[in-house]
Amino acid sequence: MSYHANEKGYYGEFGGAFIPEMLYPNTEELRQNYIRIMEEPSFKEEFNQLLKDYVGRPTPLYFAERLSKKYNTKIYLKREDLCHTGAHKVNNTIGQILMAKKLGKKRIIAETGAGQHGVATATVCALAGIECVVYMGEIDIARQAPNVARMKMLGAEVRPALSGSRTLKDATNEAIRDWINNPVDTHYIIGSVVGPHPYPDMVARFQSVISKEIKKQLLEKEGRENPDYIVACVGGGSNAAGAYYHYLDTPEVGIIAVEAAGKGIDTGESAATSALGKVGIIHGSKTLLMQTKDGQITEPYSISAGLDYPGVGPMHAHLFKSGRGEFISITDDEAMTAGLALCQLEGIIPAIESSHAFAILEHKKFNPSDIVVINLSGRGDKDLQNYIDYFKL
Amino acid sequence: MNRINQKLKEDKKLLSIYFTAGYPNLNDTAKIIHDLEKYGVDMIEIGLPFSDPLADGPTIQESSTAALRNGMHTELLFEQLRDIRKTVSIPLIVMGYFNPVFQYGVESFCKKCQEIGIDGIILPDLPLDVYQEEYKTIFKKFGLINVFLITPQTSEERIRQIDAVSDGFIYMVSSASTTGAKTGFENKTQTYFERINAMNLKNPQIVGFGISNSDTFSQATRKAKGAIIGSAFIKHLTKNGVEKIDEFVNGIR
């Protein structure tokens, strides 16, 4: 059994392309070309060169000695927080901007929640000299002013999503509507392993550099490619998809997915999709999503804007349903505490998304000989105001 | 014979109207349907509102949000339509997005539609291949016509596939756009209408998106069998409520 997408974009029962006919030519063009283009030597060369010289890869695999001592196990951190723009998001946007160029596209659109993917997209558009429009919920624009300013400085136009709940899911709807209205010259850079086929698989492939590097680095440090556990936070799930990718079909590597419980799973203010979601269709993909009994998509909550998505990528829905992945949900309070602990034990300020992954160390007991790799997906600069407010700094 | 097929045989250009159930007021559904039939509309698309209507522009989005806020939901719509066939004889089509239908259960949904006397279903985000593999037999079992969309970007090969699977009409989206985005047709739109007409498809085509008045209606139906008006009618309801539906319909033809 494989946990990768099949040729129709299904992970078990999840995935596919549930899109209006207006989007069919757009996604079909991508579907027919993405693997071929990604395998072209010239594409690989340019992608790898940019990851090295522009993004700063490979990112370190760092043995966290004090953290390991505290939890009596061997903990390595994959330092995606050291990527240019401050998170793993740029791995995907670099790949997709090159893809867009190969497909002859002249204009880029993207959605963003907290603004991280928007910044990563605006960055690569500036790099490539291509017009960029980022859709962002009106409410998110108000609460993420620094990232809005970054995108503008990078030359992107930030368009407010005024429909529905005016947050990430609505920004995604607006980006999709833009694509419907501009089907020929525009490429849509989705920021996570969500959306219609081939996006989940394509984004996972671009992010798979994370686990590719972990294998090599762990071999150098420990004489083995496989950790006992690989841990990552999951909103849509792109950093997790990249961290798991080369371990998906290696059953001896335990996969741990950490979701945002928000104020608690039963409080009505949560984003723990595996616990609260049911099978349905969101943004063109069949997956687990939070919805009413009538199939209306509901608004999630998490202190971390990057985990605040009502669905989860189809890969992760399948990892959950099949039992291949262990899903743990972490509350706002637990995540904030774990984030501060990482600051003080290792001198690293993590993004609140990544802090969720660290909080499982309080929940799950590992053996002293276990090697646990935690994907530190982003740095905490963007969250400073949240940390200040929370800890009254 | 399904009412849609019967209607398509009539020697006239068909006017079809879309409205969002539960808008402007929760219980306007039956009144709107009755008036549309009374004033000569040939076919009605009853919109089942969805929280995330990807293919719709602001007008229909806002009407959907308002309808949901008013309290519209699938079971309630079915209740409102329970006795509709006692008084209404034109074809009725339910149009919506796939997720609410999927949550209701596709088979239960289709069964309910048949009991009420619904003739067809339009679910823009239910893909052709999934329909064929998983749901076609259910739709057929309950006598429902599934309507597929084509756009100016749809390849000839795919149009032929859609034509082969369809057994009512093809919903011909006038331009690459969401609903209500454009008014009036460019020359290239007419070229597209002519191109599709020349394919001699077995299913008649009904044009949707961008039709808002008598001019665009007559342009759209020069080659096609009929046209669908959605956003313009919703705007009329927003402005006038449900009292002046005759004015709107009489203004079209």
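Since we're looking at a predicted model, the values are computed, not measured. (Residues numbered from 1 in each chain as written. Chains lettered and ligands numbered in written order. Predicted model: local features only at pLDDT ≥ 70, side-chain atom pairs only at ≥ 80, totals over all residues. Heavy atoms only, no water.)

**Student:** Describe in detail the pattern of salt bridges, supporting the description with residues and values.
**Tutor:** The tally for this structure, following the rule as stated, stands at 46 salt bridges over all chains. Residue Lys-12 of chain B pairs with Asp-42 of chain B through a salt bridge whose shortest N-O separation is 2.5 Å. Residue Lys-12 of chain B is located in the loop between helix H1 (3-9) and strand S1 (14-20), and its partner Asp-42 of chain B is located in the loop between helix H2 (29-38) and strand S2 (43-47); the two are separated by 30 residues in the primary sequence. The class for Lys-12 of chain B is partly exposed, based on a relative accessible area of 33%. The shortest N-O distance in the salt bridge between Lys-111 of chain B and Glu-115 of chain B comes to 3.2 Å. Of this pair, Lys-111 of chain B and Glu-115 of chain B both sit in helix H6 (residues 106-116), four residues apart, roughly one helical turn. Accessibility expressed as a relative area gives 41% for Lys-111 of chain B, which makes it partly exposed. Using a relative accessible area of 51% as the deciding quantity, one classes Glu-115 of chain B as exposed. Through salt bridges with shared partners, a single network forms among Arg-107, Glu-131, Glu-157, Arg-159 and Asp-178 of chain A. (Salt bridge = Lys/Arg side-chain N within 4 Å of Asp/Glu carboxyl O. Helix = DSSP H or I, 4+ residues; strand = E, 2+ residues; numbered from the N terminus. Buried < 20%, exposed > 50% of the residue type's maximum accessible area, 1.4 Å probe, protein only.)

**Student:** Now, about the packing of helix H1 (residues 24-39) of chain A against helix H9 (residues 199-207) of chain A: what can you tell me, with residues and values included?
**Tutor:** All names here are of chain A. One can describe the packing of H1 onto H9 by two numbers: an axis separation of 10 Å at closest approach and a directional angle of 15°. Judged on the interaxial angle alone, H9 and H1 are roughly parallel. When you trace H1 past H9, the crossing you get is left-handed. Contacts between H1 and H9 pair Leu-30, Tyr-34, Ile-35 and Met-38 from the former with Tyr-199, Asp-201, Met-202, Arg-205 and Phe-206 from the latter. For the contact of H1 with H9, the class distribution of residues is seven nonpolar, no polar and two charged. (Axes fitted to C-alpha atoms, helices over the stretch in contact; angles between N-to-C directions. Parallel < 35°, antiparallel > 145°, perpendicular 65-115°, else oblique. Left-handed = near helix turned anticlockwise from the far one by under 90°. Contact = heavy atoms within 4.5 Å. Nonpolar A, V, L, I, M, F, W, Y, C, P; charged D, E, K, R; others polar.)

**Student:** Outline the UniProt feature "modified residue: N6-(pyridoxal phosphate)lysine" (unreviewed entry) in chain A, listing residues and values.
**Tutor:** Look at the UniProt record and you will see "modified residue: N6-(pyridoxal phosphate)lysine" (unreviewed entry) annotated at Lys-89 of chain A. Relative to the assigned elements, Lys-89 of chain A resides in helix H4 (residues 89-102). (UniProt positions renumbered as here; feature names shortened; annotations may be inferred.)

**Student:** An account of the UniProt feature "active site" (unreviewed entry) in chain B is needed here, citing residue identities and associated values.
**Tutor:** Residues and elements named next belong to chain B. UniProt annotation of "active site" (unreviewed entry) refers to Glu-45 and Asp-56 when read in the numbering used here. Mapped onto the secondary structure, Glu-45 falls in strand S2. Ignoring any residue separated from it by four or fewer positions in sequence, one finds Glu-45 in contact with Ser-16, Ile-17, Tyr-18, Phe-19, Ile-93, Met-95, Ile-122, Tyr-171 and Ile-228. A polar contact is formed between the side chain of Glu-45 and the side chain of Ser-16, at a distance of 2.8 Å. (Polar contact = N/O pair within 3.5 Å; in protein donor to acceptor, adjacent residues only side chain to side chain.)

**Student:** Now, about the side chain of Asn-146 of chain B: what can you tell me, with residues and values included?
**Tutor:** Residues and elements named next belong to chain B. If you trace the backbone, Asn-146 turns up in strand S5 (residues 145-146). A relative accessible area of 3% means that Asn-146 is categorised as buried. What Asn-146 contacts, discounting residues up to four positions off in sequence, is Ile-121, Tyr-131, Phe-139 and Asp-167.

**Student:** An account of the interface of chain A and chain B is needed here, citing residue identities and associated values.
**Tutor:** If you look at the interface, chain A gives 34 residues, while chain B gives 37 residues. Interface area for chain A against chain B, summed over the two sides, is near 2900 Å², with a carbon-plus-sulfur share of 54%. Put simply, chain A and chain B have three salt bridges between them. Of the charged contacts, one joins Arg-158 of chain B and Glu-21 of chain A as a salt bridge, the two residues approaching to 2.6 Å between their closest N and O atoms. Seen at the junction of chain A and chain B, the total is 17 residue pairs in polar contact (both at pLDDT 80 or more). For the side of chain A that touches chain B, the elements supplying multiple residues, two or more each, are H1, helix H8 (168-181), strand S11 (278-282) and strand S12 (285-289) of chain A. Top element by residues in the side of chain A that touches chain B is H8 of chain A. It accounts for eight residues. Split into classes, the residues belonging to the side of chain A that touches chain B amount to 16 nonpolar, eight polar and 10 charged. (Buried area = accessible area lost by both parts, 1.4 Å probe.)

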